Amino acid sequence: MSAAGVVPRVRNRAAALFAVLVLAVTAACTGGDGSSPSSTSPSPRTGAATHVLAVKIDNVAPARPHTGLEGADIVYVEQVEAGLSRILAVYSADLPPVIGPVRSARETDLELLRQFDRPALAFSGAQSRLLPVIDRAPVDAVPPSQAPRAYFRSPDRPAPHNLYLRPERIPFTASGVDAAAELGLRVGAAPSGGEPEDRRTIRYPSASVTFTWSAEDERWLVSLDGAPARTAQGERIGAGTVVVQDVDVRESDFRDRSGNNTPFTETVGAGDAVVLRDGRAYEARWSRSSAAADTVFTSPEGQRVDLAEGPLWILYTPRG
């Protein structure tokens, strides 16, 4: 089935509703970190047309290589419990047939995604106290319990690192427009100045992401925790533009099953950033006036910073 083909929504028929609920119980999963499968209704909420799909993706060694990550328009990297990192991949221009491994949502995701017009959010589950917050958020939540036919477990890996999404089976149609363009970002010439740079490592307490410039490939090659990031087919994953965005990271009201606090990354506000493109590093500023506003990246002189061709990676790093 093509990306334009969506799963028919279940109508108010008692038998069909019962079948969906049975499937939901069978297919629902936990996030492996104290999360619960998210479902308070038998089918995804309906709202404004959604053309952006965000998928929460695992980012520890047993979850690699990732599947479908190379097809994301934007890849966000954020800090989670115990100093680890997790990925929120955003798709709109094109959809891979399979994406994963899929993991549980975080409170940070909800504020981050307010930049998009009611996106679809695919995730494995969430902490029980977070589920009502997700229900109230302006997203179309599509965890396994609401779209059981869209998910499957791979026998090649142990749980919880083996849950995958078939995006063509959720109520979502790709717009054909790059998700970065949905935020008002555009491909264009590099800003003036900048410093030559061929390698940059972003470190979290228990994780790291390294970008190495490849002039031959005209992209930044990605390494995760010191190992080259590869597709499921063994090819290197790369980025056209990388933004390292300094943000405030604070404790939230949520903890995992081990008692570790879930950090909340504040993506509304303003601060410094570094933009990597074309083998150079550019000092920049970021600003986002409200949760409903887009994030704007500018040069120190106030000029808009444009992107290079290719996927955009944005990494949130704690200030200081």
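Below, the structure is looked at part by part.

Parameters and conventions
- Residues numbered from 1 in each chain as written.
- Predicted model: local features only at pLDDT ≥ 70, side-chain atom pairs only at ≥ 80, totals over all residues.
- Heavy atoms only, no water.
- Helix = DSSP H or I, 4+ residues; strand = E, 2+ residues; numbered from the N terminus.
- Buried < 20%, exposed > 50% of the residue type's maximum accessible area, 1.4 Å probe, protein only.
- Contact = heavy atoms within 4.5 Å.
- Areas by Shrake-Rupley, 256 points an atom, 1.4 Å probe, with all protein chains shown as cover.
- Phe/Tyr/Trp six-rings, centres within 6.5 Å; stacked < 30°, edge-to-face > 60°.
- Salt bridge = Lys/Arg side-chain N within 4 Å of Asp/Glu carboxyl O.
- Core = buried A, V, L, I, M, F, W, Y, C linked by side-chain atoms within 4.5 Å.
- 1 Å grid on protein atoms, 1.4 Å probe; cavity = no way out; pocket = protein on both sides within 12 Å on 5 of 7 lines; lining within 4 Å.
- Points joined across faces, edges and corners; volume = space filled by probe spheres on them.
- Nonpolar A, V, L, I, M, F, W, Y, C, P; charged D, E, K, R; others polar.
- Pairing = 2+ DSSP bridges.

### Description of the overall build of the protein chain
When helices and strands are tallied, the protein chain shows four helices and 19 strands. Residues classed as buried in the protein chain amount to 52% of the 320 residues present. Pairs at least 24 apart in sequence give 65% of the contacts found in the protein chain among residues at least 6 apart. On the protein chain, roughly 13600 Å² of surface is accessible, and the fraction owed to carbon and sulfur atoms is 50%.

### Some details on the environment of Phe123
Tracing the chain through its elements places Phe123 in the loop between strand S4 (120-122) and helix H3 (131-136). Residues Phe123 and Lys56, 67 residues apart in the sequence, show an inter-C-alpha distance of 5.4 Å.

### Some details on unusual backbone geometry
Omega for the bond connecting Arg64 with Pro65 falls within 30 degrees of zero, at 0°, which places this linkage in the cis form. Position of Pro65 among the secondary structure elements: in the loop between strand S1 (53-57) and strand S2 (74-79). In this chain, Gly100 is followed by Pro101 through a cis amide linkage whose omega measures 0°. Tracing the backbone shows Pro101 in the loop between strand S3 (85-91) and helix H2 (107-112).

### Quick notes on the packing of aromatic side chains
According to the stated counting rule, one finds four aromatic pairs in the structure shown. Residues Phe211 and Trp313 carry aromatic rings whose centres are separated by 5.8 Å and whose planes lie at 80° to one another, so their mutual orientation is edge-to-face. In this pair, Phe211 is assigned in strand S10 (residues 207-214) and Trp313 in strand S19 (residues 312-318), connecting sequence segments 102 residues apart.

### Notes on the pattern of salt bridges
One pass over the full model with this rule turns up 13 salt bridges. Between Arg118 and Asp140 there is a salt bridge; the shortest N-O distance is 3.0 Å. Separated by 22 residues along the polypeptide, Arg118 in the loop between H2 and S4 and Asp140 in strand S5 (residues 140-141) bring together distant segments of the chain. As a salt-bridge pair, Arg319 and Asp248 come within 2.9 Å of each other at their nearest N and O atoms. Pair noted here: Arg319 is in the segment after S19 and Asp248 is in strand S14 (residues 241-255), with a separation of 71 residues, a long-range link. Residue Asp248 is classed as partly exposed on the basis of its relative accessible area, which comes to 35%. Several salt bridges share partner residues, and in doing so they unite Lys56, Glu78 and Asp109 into one network.

### Section: the nonpolar core
Counting 41 residues, the largest nonpolar core has Leu53, Val55, Leu165, Phe211, Val242, Trp313 and Leu315 as its most contacted members. Counting residues in hydrophobic clusters, the runner-up holds 38 residues, among them Leu121, Ala126, Val139 and Leu183.

### Focus: empty space enclosed by the protein
Counted by the stated rule, this structure contains two cavities of 30 Å³ or more. Quantified by volume, the largest cavity comes out at close to 50 Å³. Tyr76, Gln115, Leu183, Leu185, Gln245, Thr295, Phe297, Ile314 and Tyr316 together form the lining of the largest cavity. When grouped by side-chain class, the residues that make up the lining of the largest cavity number six nonpolar, three polar and no charged. Of the pockets and cavities examined, the second largest cavity occupies roughly 30 Å³. Taken together, Ala105, Arg106, Glu107, Gln127, Leu130, Phe254 and Thr262 make up the full set of residues lining the second largest cavity. In the lining of the second largest cavity, the residues fall into three nonpolar, two polar and two charged.

### Describing the pairing of strand S9 (residues 199-204)
One ladder, built from six bridges, connects S9 with S10; its direction is antiparallel. By the bridge assignment, Tyr204 is partnered in S10 with Ala207. The turn joining S9 and S10, which pair antiparallel and follow one another in sequence, is formed by two residues.

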